[in-house]
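Summary of the model geometry
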2 protein chains.
Amino acid sequence: METKDYMEKLFYPKSIAMILASRKRAWQVIGIKGWNYEGDLYLVSKSEEEVAGIKCFRDVSDLPDHIDLAIIAINRRKLKDIVQKCIEKKIHTLHIFTAGGAEFDEEGIEIEQAVHDLIKNSEVRAIGPNCMGIYSPEGKFSYDPRFSKKIGSVAFVSQSGDLTSQFVHVENYYGVYFSKVASIGNSIDLTISDFVSYFSSDDKTEIITIYFEGFPRFDETEGKRLWNVLRKNKKPLLLLRGGISDQGKKAAESHTGTVATNERIWEAIYNQTSALKMKSYEELVDSTQAFYFCKNLLPKIKSVVLITWSGGKAVLSTDRLMELGINMPEIRPPTRDQLKKMISIGSIRNPLDLPWIDSTEKYPRICNLAINEDYIGGAILETGAWETSGEHFNRYFENLMKIFENAKQLGKPFLISLPHSHNYKQRKKFKDRLIAQGIPVFPSILRAAKAFLNLYEFQQRNS
Amino acid sequence: METKDYMEKLFYPKSIAMILASRKRAWQVIGIKGWNYEGDLYLVSKSEEEVAGIKCFRDVSDLPDHIDLAIIAINRRKLKDIVQKCIEKKIHTLHIFTAGGAEFDEEGIEIEQAVHDLIKNSEVRAIGPNCMGIYSPEGKFSYDPRFSKKIGSVAFVSQSGDLTSQFVHVENYYGVYFSKVASIGNSIDLTISDFVSYFSSDDKTEIITIYFEGFPRFDETEGKRLWNVLRKNKKPLLLLRGGISDQGKKAAESHTGTVATNERIWEAIYNQTSALKMKSYEELVDSTQAFYFCKNLLPKIKSVVLITWSGGKAVLSTDRLMELGINMPEIRPPTRDQLKKMISIGSIRNPLDLPWIDSTEKYPRICNLAINEDYIGGAILETGAWETSGEHFNRYFENLMKIFENAKQLGKPFLISLPHSHNYKQRKKFKDRLIAQGIPVFPSILRAAKAFLNLYEFQQRNS
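Residues numbered from 1 in each chain as written. Chains lettered and ligands numbered in written order. Predicted model: local features only at pLDDT ≥ 70, side-chain atom pairs only at ≥ 80, totals over all residues. Heavy atoms only, no water.

Attention now goes to the interface of chain A and chain B. Taken together, the contact between chain A and chain B spans 65 residues of the former and 65 residues of the latter. The junction of chain A with chain B conceals about 5,300 Å² of combined surface from both sides, 61% of it contributed by carbon and sulfur atoms. When the buried area of chain A at its contact with chain B is split by residue, Phe-104, Gln-247 and Tyr-424 of chain A rank highest and sum to 12% of it. Between the two partners, chain A and chain B, sit 2 salt bridges. With a closest N to O distance of 3.6 Å, Lys-250 of chain B and Glu-330 of chain A form a salt bridge. Between the two partners, chain A and chain B, sit 29 residue pairs in polar contact (both at pLDDT 80 or more). At the level of elements, helix 5 (161-173), strand 13 (237-241), helix 8 (246-256), helix 10 (281-293), helix 11 (311-324) and helix 15 (424-436) of chain A are the ones that each hand at least two residues to the side of chain A that touches chain B. (Contact = heavy atoms within 4.5 Å. Buried area = accessible area lost by both parts, 1.4 Å probe. Salt bridge = Lys/Arg side-chain N within 4 Å of Asp/Glu carboxyl O. Polar contact = N/O pair within 3.5 Å; in protein donor to acceptor, adjacent residues only side chain to side chain. Helix = DSSP H or I, 4+ residues; strand = E, 2+ residues; numbered from the N terminus.)

Let us look at the relation of the copies chain A and chain B. When chain A is fitted to chain B, the best match, at an RMSD of 0.0 Å, comes from turning it 180 degrees and sliding it 0.0 Å along the axis. Within this description, the copies of the chain are treated as partners about a two-fold rotation axis. (Least-squares fit on C-alpha atoms with pLDDT ≥ 70 in both.)

For the rest of this paragraph, the subject is the side chain of Thr-93 of chain A. All names here are of chain A. Assignment of secondary structure puts Thr-93 in strand 6 (residues 93-96). When its relative accessible area of 0% is taken as the criterion, Thr-93 is described as buried. A polar contact is formed between the side chain of Thr-93 and the backbone oxygen of Asp-68, at a distance of 2.7 Å. (Buried < 20%, exposed > 50% of the residue type's maximum accessible area, 1.4 Å probe, protein only.)

With that settled, the discussion passes to the packing of aromatic side chains. In total, this model carries 62 aromatic pairs over all chains according to the counting rule given. Centre to centre, the rings of Phe-195 of chain A and Phe-199 of chain A are 6.1 Å apart; their planes meet at 55 degrees, and the pair counts as tilted. Of the two residues, Phe-195 of chain A and Phe-199 of chain A both sit in helix 6 (residues 192-201), 4 residues apart, roughly one turn of that helix. Assessed through its relative accessible area of 0%, Phe-199 of chain A is described here as buried. Ring centres of Trp-309 of chain A and Trp-386 of chain A lie 4.6 Å apart, and the angle between their planes is 85 degrees; this geometry places the pair in the edge-to-face category. Within this pair, whereas Trp-309 of chain A is found in the loop between strand 15 (304-308) and helix 11, its partner Trp-386 of chain A is found in the loop between strand 17 (378-382) and helix 14 (390-410), the two being separated by 77 residues in sequence. The class for Trp-309 of chain A is buried, based on a relative accessible area of 15%. Take Trp-386 of chain A: its relative accessible area is 32%, and that puts it in the partly exposed class. Joined through ring pairs, the aromatic side chains of Trp-35, Tyr-135, Tyr-143, Phe-147, Phe-156, Phe-167 and Phe-178 of chain A make up one cluster. Between Lys-340 of chain A and the ring centre of Phe-104 of chain B, over which it is positioned, the NZ or CZ distance is 4.0 Å. (Phe/Tyr/Trp six-rings, centres within 6.5 Å; stacked < 30°, edge-to-face > 60°. Lys NZ or Arg CZ within 6 Å of the ring centre and 35° of its normal.)

The subject of this paragraph is helix 4 (residues 106-120) of chain B. All names here are of chain B. Spanning 15 residues, helix 4 covers 21 Å between terminal C-alpha atoms, matching the ideal 21 Å at 1.5 Å per step. The complete set of buried residues in helix 4 reads Gly-108, Ile-109, Ile-111, Glu-112, Val-115, His-116, Leu-118 and Ile-119. On its buried face, helix 4 is in contact with helix 3 (79-88), strand 6 (93-96) and strand 7 (125-127). (Expected span 1.5 Å × (residues − 1).)

Residue and element names in this part refer to chain A. Within the secondary structure layout, Met-18 lies in strand 1 (residues 15-19). Residue Met-18 is classed as buried on the basis of its relative accessible area, which comes to 3%. Measuring from C-alpha to C-alpha, the distance between Met-18 and Leu-339 comes to 65 Å, with 321 residues separating the pair along the chain. Discounting residues that sit within four places of it in the chain, Met-18 has contacts with Gln-28, Val-29, Ile-32, Leu-41, Tyr-42, Leu-43, Val-44 and Ile-71.

Below, the structure written as C-alpha cells:
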C-alpha cells in the first residue's frame, strides 16, 4: 500500500482495536463510543472482562485479521511484543500511545529502535510513540470526545499531544473546524512530511497547520522529504516550531526525543518553501482563524485602518503596528475633509478614534469611507463587550455588519479585537455572534495584526 | 494651598458640582449616587428641573462657595465662561470632561490656551480637558459606578480615559484594587508629575502605575519635574508610554494634543529613575498584578522553574523565556536523580513536564524540590481549567496550595498561567479561587514571565 492508503486507514478506519483497554482509561473507549463511531471496535485486555460495556478479547492473537487501526497503550517494556503480534495479525496502522521512549532515557531509546526496526520490515505503519493520536470528524472518531463533530477544512499534524488538544479546543471555540488532526509524538515511523504530503493533496483540507519539534531519530531522509513537500504545497501552511533556543532544544529532547536542526536551514525553509513562520503558539492560533475566515479576503497591501474605542489603545497599538512593519497611512483628502465634518470629538486620521458614536448611522459611513481608500489593505477594529443586548447594542452590531459587508465587497479582511476582561460572559456571547457572521475575533489588536501580516505574506507569495 | 491639598480635594471631595447635568449623561449622576457618595452633590442645568431625582441649580453663580470639585461637561465654546464662573465661586478643583481641545483642531488649541491662562492666574486647579476624571474608593466616588468599591494599594494616573476604564476593570477582575485613579487627559494644569509626586508620599499607595502620552502644550517645566519625582520615588512605579513611533506620536497628538519627546530622554528615564518600562498595555496589566500579590516575594535571581501540563508548550515557552533573558537552569544532581525516580514519563530537567500526576501526592513534592534549589528564583506553572470541582480537582488545588506555601516560605514568587480557551466559565471559577489565595493568574507563560522580569528588575534596583 502507498502512504496515502495508510493515511486513509488512520483517518477513516473501518475497524479499531484498543490494546490494552482498561477501566482506568475507559475515557478512550467511551470517547469513541460517544462519537457514534460506525466501524467495529475491539478491545483487548488481559485482566478485564469488559470495559464500558464492551467485551474484551484476551489477546491480540484472538482478534480478526486486517484491522485498520490499533491503539496501543501498554507498559513500554511490552511494546515490542505487542507490535510484533499486531504485525502478525496484519493490522494496517498503529497508534502507539505509550510514552517513555527516546524522550525519557537510554532504555527508551533502545525500545524505540527495536520497535522502529520491526515496523520498517513489515507492512504496518505507525504514529507515535508518546502521542494522543487521531481526531477525524469525517471518520467519526476522536481521541478526545469533547472536540467538535463539525467537519472543517483545517488539518493539523503535531509532535505534542496536549498542545494538539489545546489548539483544537481553542480553534473550535473561535468557530474553526478541522478536516484531520494527528498528534504523532516521537514519530518513529510516519513523520510530519508524510502528513503534510497527504494534506497537500487532500480535497477536504484547505489550510495546513504544523507543530514541529525535531527530526525523527531513525530517519535521515526526513529533512529532505520535508523540504520537498513544503516546496510543492500550494495551500496556506502555518508552521510553528519548538526547540529553537539551546535550552528549548534540550526541552524538546525530553519531550519527543527528536533531533534538533540547524537554524540556517529553517531560515531557508521559511524563505524558499510554502511554510509561513509562526513565531508563537498564539500566532498559530490566530493565523489559523484568520485564514479560515478570510481565505477570499487576502490583503493586497500591507496597510490597515485601525478603528478603536479608546484613544490610548489607538496610540499604543499604532506603536506596535509600526514595529511589526504594518503601515497605517493617514486618511488623505478629500476623504479626510469629508470625515472631519462628521465628528466633533475623536480622530479620523488613522487610527480612527470614534468615541460615543458607535451606534449612530454615521459610524459605518465613516469607517467605510476610510476602508474604501485604495491605499488601505484591511481593517482592524477593537471593541469591548460592555453590553450584548438592547437597542443600542443591536444598532452597533448592525453597524459592524455594514462595515464587514463593505470590506467583503472590496475583498479586504475585517478583523475584530475583543480583549478579555471582567465581562467574560458577554465576551463569549458577542464573540459567538461575530463568528456566526464570519468575522474572526482576536484577543488584542496586536494579535489580529500578526494574523493580518500572515494573510498578506501568503497573498504576496502567490501573486 | 499646596498641590497636595488640591489632590486631597480631588480624591476626597466633601462637595461635588456637576456642570451641566443632563438626562443624557444621567449615568454620571446615578454613578455618584449609587456609590453612596457621602458629600454634597450639586447639579447645574440650564434646561432641566431635576436629573436622577436631584434638583438642579440654574447657574454656577447660584452654587454655594468653596465647593471641592466641579465636573464640567459642556460645549467647548462655553468652557472659558464656565471656568471663569467656577473661579469666581472659589471652587477648589475642576475636572474638565469636555473634549475637542488641542487634540482636535486649531480652535481647540486656542480654547485650551485661554482656559490654561485663566486657571494659572487663579486659585483653582484642574484636570483635563478630555478626560474621565477620578475614581477614589476611599473618597467614595467614581466616574464609573461599576468599578470595585474595595480599597486597594495601586494608584494610576493616565492620559487616556477609556484605557483607564479598561485597566481598572481588568485589574479588579484579577483581584487587584486601587487607592486612587485619575484620568487627566490633555493635562493643561495638573500633570502626571503632580500625581506621581502625590502618590509617592501617599500612605495608601504602594504601587504607582502610569499611562503617559506626551508633555502638556503649555508647560515647559513638566519634563524636568517628572524626572525629579521619578528619581525620588521609592515605590514600584510602572510606566507605560504611548506615542513612541512617528505614526504613534501623530496619533497621540490627535488623542491628547500633547507634545512628544525625544526617545533618548526616555532611555535615560528608564535607566536612571525608578520608572520600570512597560513595553505594552498587557505588560502593565500583568506587572501590576504581580507587584500587588508578590510585593514580599521579589525574585533575587533571574531564573525560573517552569512547570507545565503540555510538553509542547514547555518547549515553546522555553524558547520564549530564553529570548527574554530569563534563565531556566536544569535541575542539578542530587535533586535531579531524586526527581527522576519519582516519574515514569515526562521530564524533570526544567521545564518540569508532569503529565497525569497533578493530583497525586508526589506532584507538589517534585515541584517543591525543584523550587527549593538555590539557583531557582521563582516558579511559573501553566494549568488548564478542565474541571473546577470533584475529588480530582480538589486534590490538585491542594497540591497547588502546597507549592505556593513552600514558595512563599522561601520568598520566591509563584505565578500561574491559565490560558483563555473554550472553558471560559471554569477559567473564571479557577482564577477566582487562586487569587482568593493570593496567587496571581496570567493568560500565558510569556506574560507571566514578563511580569516576573519586572519584579526582578525592581528587586535589583533596590538591593
